[in-house]
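Coordinate inspection notes
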Amino acid sequence: MQQNRNNVVGWSTLTVLFFVLTLPAILTGRGGTIMAYDLTSFHWIEIQRIAKTFPAFEMADSFSATAPGFHWSLAGVEHFTQCTFTQLRVVGSTFALLAFLICWQVTQYWVGPLRGVLCIAPLMLSNYLLGSAIWMTTDTPGFALGALALAMSFCCTCGLRPSLMGGLFTAAAVGVRQTSLWCAGPGVIALFRHWRSSDRRDPAMLAMQIGMWIVPPLAVLAHLIHEWGGLVPPRFQQFHSSTVNLIAPAVTLALLGLWGCVLLPCLLASLSKRQRSVALVAGLLACAFACCVPTTQHIVIRPDSQVEGTPSQGRMPEFDADPKNIATTGVGRWGGPIWTIASRSPSMKDISWGVVGFAGLGGAVIAGLSMRAASRRNSQAAWVVCTMLAAMTAAQMANSQNFERYFDPWVLLGLGWLAAAGTQDDRGESQESKWCIAGLVLMAIIQFGISVAQIYIPAFTGPPLNL
């Protein structure tokens, strides 16, 4: 009964907080951000196109580079309710609320309701998720459905139902963002680990559970590839699928270091000498890898021919003045704090030493947090999070563009979940627990500061949305 009461209070509090953070910015009707540009140039146009013939629509090409699930859902809402554009934005924003509730629900299992909020506060205040919620892009629905699938990874050993639900949630995530197939990875690894440690190994049951996880999303992805002739609609294939992206692992590691460095005092206080040595080796290996791939800033935008026939009229106006920024191939490395660091830190032969340094920190942080969680008998959480980050990174290697918004929410979720899993059974009285909470609060303050500068100021002072 007490747990149910805590859930209701937590859900209600997070819901109120969410609408305080998003509703005023939605009601202004203003833009001035890259998310607002994506909304007016791609997503809103695609929603309107589908709404005209709902529920049937032409999939062969699209005004959006992502799968049509989110657009189709909102087109249905518009078709049946005749709601206004602003009302539709409010409806679309609820996917972000769903994401926050799911992530909190998992986190509070380890540390309780209040500290659970603190552990996901950096994620809740992230400019990428808040911006996506305010300007109705596909980042938050893809993240919410992926988080639902990941949550099933923690209970997939309880029978067939969690595996089936995980497969269906992953399929829904693929229907919103086709790269979300990776969300099945943590569940499959969790199933295999449970099978290996079980006294009664049933290969047929294992095969059935794995099939439930991977067949539904594979079927959705196969249909999309058949319709498009590739991983993205034809008009976006040159921009997003022009090359295999070997830089993605360095981006994930650098973001783990950039945001996770505030947890280093906690790790130094909690890890043994041997564990600190292992974390150091992991950091050095991460540095070595980051030295092998180009990590300086490199802007690649869509040429006019790539969006021919769309109402977006081609290139982003802020880059039109510099023809050097226009290319048909190459790996895009721009947007967000990590590429700002790359553009301003010393570099040599297309390698940014700032990114290399943060990648090294990231390797040490993820190794240290995983060992800390395992020491609290939460090795399952460590495996799920590490598999999540590895699978997400592998999926991004199929995308030529290294936009930070593709990586950042999953990194913040991984840091929050591992911090919580490593604090379980600790009432907050130990020094390491205090350092952990202090680090998470600092991380949340930094995230909110970025959101104020990049989301809220444009939302209240930027130009009106041009529909």
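Notes on the structure follow. (Residues numbered from 1 in each chain as written. Predicted model: local features only at pLDDT ≥ 70, side-chain atom pairs only at ≥ 80, totals over all residues. Heavy atoms only, no water.)

1. Some remarks on empty space enclosed by the protein
The condition is simple: The distinction between a cavity and a pocket rests on a 1 Å grid over the protein atoms alone: a 1.4 Å probe fits inside a cavity but cannot get out, while a pocket stays open yet meets protein on both sides within 12 Å along at least five of seven lines, and a residue with an atom within 4 Å of a point counts as lining. Grid points are joined across faces, edges and corners, and a volume is the space filled by probe spheres set on the points. Under the DSSP-based scheme used, a helix requires at least four consecutive residues in state H or I and a strand at least two consecutive residues in state E, with every element numbered from the N terminus.
Under the defined criterion, the tally for this structure stands at 4 cavities of 30 Å³ or more. If you add up the space inside the largest cavity, you get close to 160 Å³. For the largest cavity, the lining is made up of 14 residues, of which Asp139, Arg177, Arg405, Tyr406 and Trp410 are closest to its centre. In terms of residue count, helix H7 (residues 139–153) provides more of the lining of the largest cavity than any other element does, 3 residues in total.

2. Section: the packing of helix H9 (residues 184–197) against helix H17 (residues 379–396)
Short version of the rule: Every axis in this analysis is a line fitted to C-alpha atoms, fitted for helices over the stretch in contact. Angles between the N-to-C directions lie between 0 and 180 degrees. By convention the crossing between two helices is left-handed if the near helix lies anticlockwise of the far one by an angle smaller than a right angle, and right-handed if it lies clockwise. Note on contacts: a residue pair is in contact if any heavy atoms of the two residues lie within 4.5 Å. Each residue is assigned to one class: nonpolar for Ala, Val, Leu, Ile, Met, Phe, Trp, Tyr, Cys and Pro, charged for Asp, Glu, Lys and Arg, and polar for all the others, Gly among them.
Here H9 crosses H17 at 145 degrees, and the two axes come no closer than 8 Å. Relative to H17, H9 is oriented so that their crossing is right-handed. From H9, Gly185, Pro186, Ile189, Ala190 and Arg193 reach across to H17, where they touch Ser379, Gln380, Trp383, Val384, Thr387 and Met388. Per-class residue counts for the contact of H9 with H17 are 6 nonpolar, 4 polar and 1 charged.

3. Describing the pattern of salt bridges
The following threshold applies: Any Lys or Arg side-chain nitrogen found within 4 Å of a carboxyl oxygen on Asp or Glu counts as a salt bridge. Only protein chains enter the area calculation, which uses a 1.4 Å probe; residues under 20% of their type maximum are buried, those over 50% are exposed, and those in between are partly exposed.
Tallying each qualifying case throughout the model produces 6 salt bridges. One salt bridge in this structure joins arginine 372 and glutamate 432, with 3.2 Å as the shortest N-O distance. Taken together, the residues span a long stretch of sequence, with arginine 372 in helix H16 (residues 353–375) and glutamate 432 in helix H19 (residues 431–461) at a distance of 60 residues. Just as arginine 372 is buried, glutamate 432 falls in that class too. Residues glutamate 432 and arginine 376 are paired through a salt bridge, measuring 3.6 Å at the closest nitrogen-oxygen approach. Pair noted here: glutamate 432 is in helix H19 and arginine 376 is in the loop between H16 and H17, with a separation of 56 residues, a long-range link.

4. Section: helix H15 (residues 337–344)
Where H15 is concerned, the buried positions are Pro337, Ile338, Trp339 and Ala342. Where H15 is buried, its residues meet helix H6 (127–135), helix H12 (248–260), strand E2 (351–352), H16 and H19.

5. A short note on a nonpolar patch on the surface
Note the cut-off: The residues that make up patches have over 30% relative accessible area and no salt bridge, and they are joined within 9 Å when like-charged or within 5 Å when they are Val, Leu, Ile, Met, Phe, Trp or Tyr. A 1.4 Å probe and the Shrake-Rupley method give the accessible areas. Residues count as covered only by the protein chains that appear here.
On the surface, a cluster of nonpolar side chains totalling about 240 Å² of accessible area is made up of Leu160, Met205 and Met208. You can see methionine 208 is positioned in helix H10 (residues 203–228). What makes methionine 208 partly exposed here is its relative accessible area of 43%.

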